[in-house]
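# Structural features, examined
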Amino acid sequence: MNSGSERRHTRVLAPEGAGVFEAAAILRAGGLVAFPTETVYGLGAHALDALAVRGIFEAKGRPSDDPLIVHVATAEQLERVAVANALAWRLARRFWPGPLTLVLPKRDSVPPEVTADLGTVAVRVPAHAVAQALLRASELPLAAPSANLFGRPSPTRAAHVLDDLDGRIDAVLDGGPTQVGVESTIIDISRTPPRLLRPGGLAAEDIESVLGERLIRLTPSTSSQGPQSAPGLLPVHYSPRTPLTLIVGAAGIPAARLRTEVEAAVAAGLRVGVLALEEDRGVFSSSVRLEVVGSWSDPAASAARLFEALRVLDAADLQVLFVRELAEPSVGLGQALADRLQRAAHRIIQA
Ligand code: TXA
Ligand code: MG
């Protein structure tokens, strides 16, 4: 089970009872199991088994200098893998289980494969009932990155996991679509002041209200050195294969520019897709393939649908894709949406 290079038979397991029991047994034997969390599906392995963890990197085609998040069942188990501090307990009490990942000094029990040789480890307690059942049944800390091939959008359904990893992993627990749809928010509290490494499913403002101070934000220019970087500090990360153009700008302007760009591409004879808001329905010619995610005022809905919509459009035999900013980019979940769109885009137009 430990060599990731051979072809594996990937089983689809029911998300309760015998399915979870079987998944736990596979993990205890060093295998790879994808499972739903409230954010996206993760690809899990026994976090303290270096060989099992290496299998994750092989299955995903992920570079080994990109560290993994360790998932534990309860906040109390944080100390199994990390050295907690007072701030960690405060945040854990308030936000766990949930879409918050804390970076803390690591324990020696965590193999260097998990942390890309860093002195720190990223930890979270997922809220999804199936993730919880699996952590409890296996009695293991589980290292789990998103269960996609490296560079592809994160999976929000079991079918997305199979699209990318069928034949490369041992099983997937099919728990239906995930609720949040974007990955967890990652903050580094191993040093002061705390730093936001990745905006995600928990709004930075909510964390700041507990901290009583603003998180230091990484800008791509200050954060691209080495494995300390959070995911996606690579220029293109959550990326469709069809070229995607993102249009950003002050309120109202991107909507108009989206329309002119799309109509120009249609006029040029291209097959065009748009990842759209409700507000954009009915403004394009009928040959444009629309995938509606949500509305400007409901970023949570757009987050839940974003990665699936990217996959749907990417599979629709189109030549170019367009999207405009989906929500206020500096507020709440809008930060995560803006971040993921920028990483998915091949070109950004400042309108
Ligand atoms: O919602 C999520 O976070 C999902 C679900 C499955 O839990 N997981 C996820 O994992 O998004 P992944 O591998 O796609 O992103 C984990 C990122 C890494 O890319 C890395 O940059 C950051 O977490 N990370 C992990 N350990 C770190 C560390 N010690 N220091 C800084 N960043 C770290
Ligand atoms: Mg990922």
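A brief look at the structure comes next. (Residues numbered from 1 in each chain as written. Chains lettered and ligands numbered in written order. Predicted model: local features only at pLDDT ≥ 70, side-chain atom pairs only at ≥ 80, totals over all residues. Heavy atoms only, no water.)

Here we take up the environment of tyrosine 41. Relative to the assigned elements, tyrosine 41 resides in strand β3 (residues 41-46). For tyrosine 41, a relative accessible area of 0% translates into the label buried. Sequence spacing of tyrosine 41 and glutamate 183 is 142 residues, and the spatial spacing of their C-alpha atoms is 9.2 Å. (Helix = DSSP H or I, 4+ residues; strand = E, 2+ residues; numbered from the N terminus. Buried < 20%, exposed > 50% of the residue type's maximum accessible area, 1.4 Å probe, protein only.)

A few words on the sheet that holds strand β15 (residues 320-324). Here we have five strands laid out as an open sheet, ordered β14-β13-β15-β12-β16, and parallel in their pairing. If you trace the sheet from one side to the other, it starts and ends with β14 (289-294) and β16 (347-350), each paired once. Averaged over all pairs of adjacent strands, the angle between their axes in this sheet comes to 20°, without regard to strand direction. Pairing of strand β13 (residues 272-277) with β15 involves four bridges; the strand directions are parallel. Opposite glycine 273, over in β15, you have leucine 321 as the bridge partner. (Pairing = 2+ DSSP bridges. Axes fitted to C-alpha atoms, helices over the stretch in contact; angles between N-to-C directions.)

Taken together, 27 residues sit near ligand 1, with Thr39, Asp66, His71, Ser184 and Arg198 positioned nearest. Here an oxygen atom of ligand 1 and a side-chain polar atom of arginine 124 are 3.0 Å apart. Here an oxygen atom of ligand 1 sits 2.5 Å away from a polar atom, N or O, in the side chain of serine 184. In isolation ligand 1 offers 680 Å² of accessible surface; the protein chains occlude 99% of this area. For the shell around ligand 1, the elements supplying multiple residues, two or more each, are β4 (69-71), β6 (120-124) and β10 (195-198). Ranked by residue count, the leading element in the shell around ligand 1 is β6, at four residues. (Near = heavy atom within 4 Å. Polar contact = N/O pair within 3.5 Å; in protein donor to acceptor, adjacent residues only side chain to side chain. Areas by Shrake-Rupley, 256 points an atom, 1.4 Å probe, with all protein chains shown as cover.)

The sheet built from 11 strands is open, its strands ordered β1-β8-β2-β3-β7-β4-β6-β5-β9-β10-β11 with mixed pairing. Here the strands that pair on one side only, and so sit at the sheet edges, are β1 (11-13) and β11 (216-217). Pairing geometry for strand β5 (residues 100-105) and strand β9 (residues 185-188), over four bridges, is parallel. From the neighbouring strand, leucine 102 faces β9, where its bridge partner is isoleucine 187. Sheet strands touched by helix α1 (residues 17-28): β1, β2 (33-36), β3, β7 (142-143) and β8 (171-173). Its angle to β1, the strand with the most contacts, is close to 130°. (Contact = heavy atoms within 4.5 Å.)

With that settled, the discussion passes to the nonpolar core. Looking at soluble globular proteins, one finds that nonpolar side chains tend to be buried together. Counting residues in hydrophobic clusters, the biggest one holds 49 residues, and the most contacted among them are Leu43, Leu91, Trp96, Leu100, Leu102, Ile187 and Ile207. Not counting chain neighbours up to four residues away, the residues in contact with tryptophan 96 comprise Ala75, Leu78, Leu91, Leu102, Val123, Arg124 and Val125. Listed in part, the 27 residues of the second largest apolar core include Val182, Leu277, Leu306 and Ala336. (Core = buried A, V, L, I, M, F, W, Y, C linked by side-chain atoms within 4.5 Å.)

Let us look at the pairing of strand β12 (residues 244-248). With five of its five residues buried, β12 lies for the most part within the structure. Residues Leu244, Leu246 and Val248 of β12 are buried on one face, and the alternating residues Thr245 and Ile247, pointing to the opposite face, are buried as well. Note that β12 and β15 share four bridges and pair parallel. Looking across to β15, one finds that leucine 246 is bridged to valine 323. Both β12 and β16 contribute to a ladder of four bridges, which runs parallel.

In contact at an axis separation of 10 Å, helix α4 (residues 86-95) and helix α8 (residues 204-211) are set at 130° when each is read in the N-to-C sense. Between α4 and α8, the crossing angle belongs to the class labelled oblique. Crossing of α4 over α8 shows right-handed handedness. Between α4 and α8, the residues in contact are Leu87, Arg90, Leu91, Arg94 and Phe95 and Asp206, Ile207, Val210 and Leu211, respectively. Looking at side-chain class alone, the contact of α4 with α8 contains six nonpolar, no polar and three charged residues. (Parallel < 35°, antiparallel > 145°, perpendicular 65-115°, else oblique. Left-handed = near helix turned anticlockwise from the far one by under 90°. Nonpolar A, V, L, I, M, F, W, Y, C, P; charged D, E, K, R; others polar.)

Of all 11 residues that make up helix α11 (residues 334-344), 10 are buried, and the element is covered over most of its length. Where α11 is concerned, the buried positions are Gly334, Gln335, Ala336, Leu337, Ala338, Asp339, Arg340, Leu341, Arg343 and Ala344. In this structure, the buried side of α11 is in contact with β10, α8, β11, β12, α10 (299-314) and β15.

Read these as spatial facts, not as claims about activity.
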